Amino acid sequence: MKGMYRIRADQQGFTLLEVLVAVSITALIGALALVSVTNSRRIRDLIAAGQNTLSLLRTAQANTVAGKDGSQWGVHVEGSQAALFRGSAYAGADIITFYPMPAGIEVVDIDFIGGGQDIIFNRVDGTVDQSGIFTIRVEGSGMQTFPVSVDPAGNAYRTGSSPVLAGTRVTD
């Protein structure tokens, strides 16, 4: 009985401490990967929300300039949504496209000349009277943002990436 618990010199294996260290390192790497994947998803949702909102603004301008349905078109933005509408005001208008922001994405800091939350394009030339900026961001984050500008000419773009000026296209 005495020799039953004796460890032989040629016996191999891992100690409990070695196993605990390996499991701890694996858990740490897994947690870091999970944070990275979650952050990547949020950034992807933020960019998609920004691009979809820019698309709504450009569609509203194109529809107005083209005289589609003989009406003005606009976009209404608020906390968790953006809406493309037909008419000279959002209240009581025909909502054509309703875009809810993805979970965890919000519209904040809406600052249009004249106030409000609507960008309405003028017929014939596609200009706007209420130009300004607003920010689409990951909820609770001041760093992960997609700032949007609409200038008086009706150009909608991500702030910091100015639109191409008319007449500057190089042709062959």
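Provided above is the structure to which this section pertains.
Residues numbered from 1 in each chain as written. Predicted model: local features only at pLDDT ≥ 70, side-chain atom pairs only at ≥ 80, totals over all residues. Heavy atoms only, no water.

**Examining the pattern of salt bridges**
Opposite charge on two side chains permits them to pair, given that their charged atoms come into close proximity. How we decide: When a carboxyl oxygen of Asp or Glu is within 4 Å of a side-chain nitrogen of Lys or Arg, the pair counts as a salt bridge. Summary of the burial criterion: residues with accessible area below 20% of their type's maximum are buried, those above 50% are exposed, and those between are partly exposed, where the area comes from a 1.4 Å probe applied to protein chains only.
Under the counting rule described, the total for this entry stands at five salt bridges. Here R44 and D45 are joined by a salt bridge, their closest N and O atoms 3.6 Å apart. For R86, the salt bridge identified is with D94, shortest N-O distance 2.9 Å. Classification of R86 as partly exposed rests on a relative accessible area of 22%. Look at the salt bridges and you will find they share partners, linking R41, R44 and D45 into a network.

**A look at the pairing of strand 7 (residues 145-150)**
Heads up, the condition is: When DSSP finds two or more bridges between two strands, those strands count as paired. Numbered from the N terminus, helices here are DSSP runs of H or I no shorter than four residues, and strands are runs of E no shorter than two.
Note that strand 6 (residues 132-138) and strand 7 share six bridges and pair antiparallel. Paired with G132 across the two strands is V150, which belongs to strand 7. In this structure, the hairpin formed by strand 6 and strand 7 is closed by a connection of six residues, where G140 is found at a positive phi of approximately 75°. As defined by bridge partners, strand 7 adjoins strand 8 (residues 156-158) across three bridges and the pair is classed as antiparallel. Among the inter-strand pairings, V148 is bridged to a residue of strand 8, identified as R158. Where strand 7 folds back on strand 8, the antiparallel hairpin that results is connected by five residues, among which G154 adopts a positive phi of roughly 95°.

**Topic: the packing of aromatic side chains**
Put simply, the test is: Centres within 6.5 Å are what make two rings of Phe, Tyr or Trp a pair, Trp counting through its six-membered ring; a difference in plane orientation under 30 degrees is then read as stacked, over 60 as edge-to-face, and the rest as tilted.
Inspection of the entire model under this criterion finds two aromatic pairs. Aromatic pair F85 and Y90: ring centres 5.6 Å apart, planes at 70°, arrangement edge-to-face. The exposure class assigned to F85 is buried, which follows from its relative accessible area of 0%. Arranged with centres 6.0 Å apart and planes meeting at 85°, the rings of F112 and F134 form a pair that is edge-to-face. With F112 in strand 4 (residues 105-112) and F134 in strand 6, this residue pair connects regions lying 22 residues apart in the sequence. Note on accessibility: F112 and F134 belong to one class, buried.

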